[in-house]
Amino acid sequence: MIAKRLRQSLDQSICIRDIFEEGKKLAAIYGKENIFNFTIGNPSVEPPAIVNASMKEILDTEEALSLHGYTANVGYPEVRACIADYLNRKYDCHYDENGIIMTSGAAAAIVVICHTLLDYGDEVVTFAPYFWEYKSYVESVYGKLVPALCNMETLQPDPGTFEAALSERTRFVLINTPNNPTGAVYTEESLRMVTDILRRKQEEYGHPIYLVSDEPYRKLAYDMEVPYLTHFYENTIVVYSYSKALSIPGERIGYIAMEPEVQDMEDLFAGMTASMRYLGYVNAPSLQQRMLLKCVDASVDTRIYKETRDILYQGLQEIGYTCIHPDGAFYLFMKALEEDDSRFCETAKKERILMAPGTAFYGPGWVRISYCVPADTARKSLPAFQRLYDRYQK
């Protein structure tokens with residue numbers, strides 16, 4: 001018998017991976033080229049050549065026992081210093097290695113932060129629609145996730161909804177830009193609004209409210225620069241993953257970054273270090289840490305994703321669908337053609353289109369299209385989307 005809290009979570013969840021697996025079964029029946037699987041955010045662009053070359057060089061030249069042994073819980077000091085130096089040059093910050101913690105990707109980093117900051121019943125506010133596993137991360141340490149719904153015409157944070165979501169129990173705000181599932185990039189104006197409210201609420205409640213910026217898609221922005229949040233708010237903790245920027249989601253490498261101005265930074269660093277051990281992560285993968293010494297500023301060719309985005313966005317708009325233009329990540333949020341987005345996704349399967357229902361992301365009435373697929377697949381899917389649209393016009 002599994003834990004009651006986990007059973008409740010499973011009963012409430014809509015598993016995107018289950019839909020993805022269903023797509024593979026359909027592909028075996030009808031042929032992969034006849035299935036349009038837009039469910040999961042698995043990068044489809046080759047990693048930069050330097051990634052494999054660097055790992056091969058490390059394996060060929062470094063002493064095996066040393067390379068494959070434990071690292072410090074927070075990671076190699078030279079790797080942390082390398083990342084701090086890169087961030088300082090790129091975003092005009094002033095990190096040092098004592099503010100960088102290497103993690104097993106962004107998901108592990110967020111769980112470590114939850115474990116460090118949350119007591120029973122403490123709250124985390126996030127902007128909805130949001131990545132569906134945020135709720136599980138927070139509830140795993142008996143916290144409460146409080147969604148603040150964005151303006152659904154612009155997908156930008158709404159000031160009234162956001163302020164109403166904050167309370168004395170709020171320990172941190174979790175923000176994700178570029179956003180999964182919508183592809184929205186929050187503007188500088190939106191971020192100033194958010195941080196102005198946070199600053200005022202910190203003073204009102206008499207304790208810090210941290211802003212945790214989840215940034216796995218930072219380098220996948222097509223039409224605008226993604227603002228760097230530490231310039232707007234001192235108590236910002238940045239979470240980064242190389243999964244999307246380097247197309248290596250299976251390698252599980254990322255970091256937590258804090259500047260010296262973050263309130264109680266030394267306690268936070270110590271708490272996160274301990275949480276790494278208590279949660280069983282121990283340390284981030286050794287080989288992947290070493291690889292970053294040569295790949296810290298590398299990135300995939302984002303023009304490939306942009307081409308696919310443009311094919312889908314323009315094609316769907318011409319058919320008659322309502323879509324909000326995505327400026328980043330590789331997701332597009334589209335209005336379902338009926339109120340029940342899950343039933344709409346089931347109907348779409350009749351045209352061999354697989355999408356994720358927006359309800360899974362606290363965005364009911366919408367669907368997420370993950371366009372990390374070849375441009376030709378996106379182009380070939382448009383007649384199927386037309387047939388789906390025609391079904392509802394009848």
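Structure's up top.
Throughout what follows, the structure given in this document is the object of discussion.

What counts and what doesn't
Numbers given to residues run from 1 along each chain, matching the order in which its sequence is written. With the structure being a predicted model, the display of local features is reserved for residues of pLDDT at least 70 and the display and counting of side-chain atom pairs for 80 or more, all residues being used for whole-chain, interface and lining totals. By convention in this description, side-chain values take in all heavy atoms of the structure and omit both hydrogens and water. Ring pairs are drawn from Phe, Tyr and Trp, using the six-membered ring of Trp, whenever the two centres fall within 6.5 Å, and their geometry is named by plane angle: stacked under 30 degrees, edge-to-face over 60, tilted for the rest. Each residue is assigned to one of three classes by its accessible area relative to the maximum for its type, calculated with a 1.4 Å probe on protein chains only: buried under 20%, partly exposed between the two thresholds, exposed over 50%. We call a charge positioned above a ring when the Lys NZ or Arg CZ atom is no farther than 6 Å from the ring centre and deviates by at most 35 degrees from the ring normal. Whether two strands pair comes down to DSSP finding at least two bridges between them. Segments assigned H or I by DSSP are reported as helices when at least four residues long, segments assigned E as strands when at least two residues long, and all are numbered from the N terminus. Fitted lines through C-alpha atoms serve as axes, helices being fitted only where they are in contact, and the angles separating the N-to-C directions of these axes extend from 0 to 180 degrees. For this analysis, residues touch if any pair of their heavy atoms sits within 4.5 Å. Any carboxyl oxygen of Asp or Glu within 4 Å of a side-chain nitrogen of Lys or Arg constitutes a salt bridge here. A helix's residues, less one, multiplied by 1.5 Å, set its expected span. For the handedness criterion, the strands are oriented away from the viewer, and a crossover whose path from the first strand over the helix to the second runs clockwise is classed as right-handed.

1. A closer look at the packing of aromatic side chains
Link 1 in the chain: Applying the stated rule across the entire model yields 20 aromatic pairs.
Link 2 in the chain: Ring plane angle 85° and centroid distance 5.8 Å describe the contact between Phe131 and Tyr134, whose orientation is recorded as edge-to-face. Accessibility assignment for this pair places Phe131 and Tyr134 in one class, buried.
Link 3 in the chain: A connected cluster of aromatic rings, assembled from ring pairs, spans Tyr130, Phe131, Tyr134, Tyr137 and Tyr362.
Link 4 in the chain: Over the ring of Tyr91 we find Arg218; its NZ or CZ atom is 5.0 Å from the centre of that ring.
Link 5 in the chain: One Lys or Arg, Arg290, reaches over the ring of Tyr76 and ends 5.0 Å from the middle of that ring.

2. Re the sheet that holds strand β6 (residues 210-214)
Hydrogen bonding along the main chain pairs the strands of a sheet, whether they run parallel or antiparallel.
Link 1 in the chain: If you walk across this open sheet you meet the seven strands as β2-β8-β7-β6-β5-β3-β4, and the pairing is mixed. Of all strands in the sheet, those with a lone pairing partner are β2 (100-103) and β4 (144-149), marking the two edges. Going from strand to strand, the sheet's axes swing by 20° on average, the running direction of each strand aside.
Link 2 in the chain: Sheet contacts for helix α6 (residues 105-117): β2, β5 (170-176), β6, β7 (236-241) and β8 (254-258); angle to β7, the most-contacted strand, approximately 150°.

3. Concerning the pattern of salt bridges
Link 1 in the chain: Applying the stated criterion across every chain, the model contains 25 salt bridges.
Link 2 in the chain: Close ionic contact of Arg379 with Asp376 constitutes a salt bridge, the shortest N to O distance being 3.8 Å. Of this pair, Arg379 and Asp376 both sit in helix α14 (residues 375-393), three residues apart, which is roughly one turn of that helix.
Link 3 in the chain: Judged by its relative accessible area of 38%, Asp376 is partly exposed.
Link 4 in the chain: In this structure, a network of salt bridges that share partners links the residues Glu163, Arg200, Lys201 and Glu204.

4. So, helix α5 (residues 77-91)
Link 1 in the chain: Spanning 15 residues, α5 covers 21 Å between terminal C-alpha atoms, matching the ideal 21 Å at 1.5 Å per step.
Link 2 in the chain: Among the residues of α5, those classed as buried are Val79, Arg80, Cys82, Ile83, Ala84, Tyr86, Leu87 and Tyr91.
Link 3 in the chain: Where α5 is buried, its residues meet β2, β8, α10 (265-278) and α11 (286-295).
Link 4 in the chain: Asp92 sits one or two positions beyond α5 and adopts a positive phi of about 55°.

5. Side note on the sheet that holds strand β12 (residues 356-357)
Link 1 in the chain: Spatially, the four strands line up as an open sheet ordered β9-β10-β13-β12, and their pairing is antiparallel. Strands at the two margins of the open sheet, each flanked by one partner only, are β9 (323-324) and β12.
Link 2 in the chain: Summarising the sheet, β12 and strand β13 (residues 366-370) pair through two bridges and their orientation is antiparallel. Looking at β13, one finds that Ala356 is bridged to Arg368.

6. Quick word on the pairing of strand β3 (residues 123-128)
Link 1 in the chain: A large share of β3 lies buried, amounting to six of its six residues.
Link 2 in the chain: Here β3 shows two buried faces, one formed by Glu123, Val125 and Phe127 and the other by Val124, Thr126 and Ala128.
Link 3 in the chain: Inspection of the sheet shows β3 paired to β4 by six bridges, in the parallel sense. Across the sheet, Phe127 pairs through a bridge with Ala148, a residue of β4.
Link 4 in the chain: A crossover connection joins β3 to the parallel β4 through helix α7 (residues 134-139); in handedness this β-α-β unit is right-handed.
Link 5 in the chain: Pairing of β3 with β5, which is carried by four bridges, proceeds in the parallel orientation. Looking at the pairing, Val125 lines up with Val173 of β5.

7. Some remarks on the side chain of Arg80
Link 1 in the chain: Note on placement: Arg80 falls in helix α5.
Link 2 in the chain: If we skip the residues at most four places from it in the chain, Arg80 touches Val74, Gly75, Glu97, Asn98, Ile100, Met102 and Phe269.

Function cannot be read off these values alone, since they describe shape.
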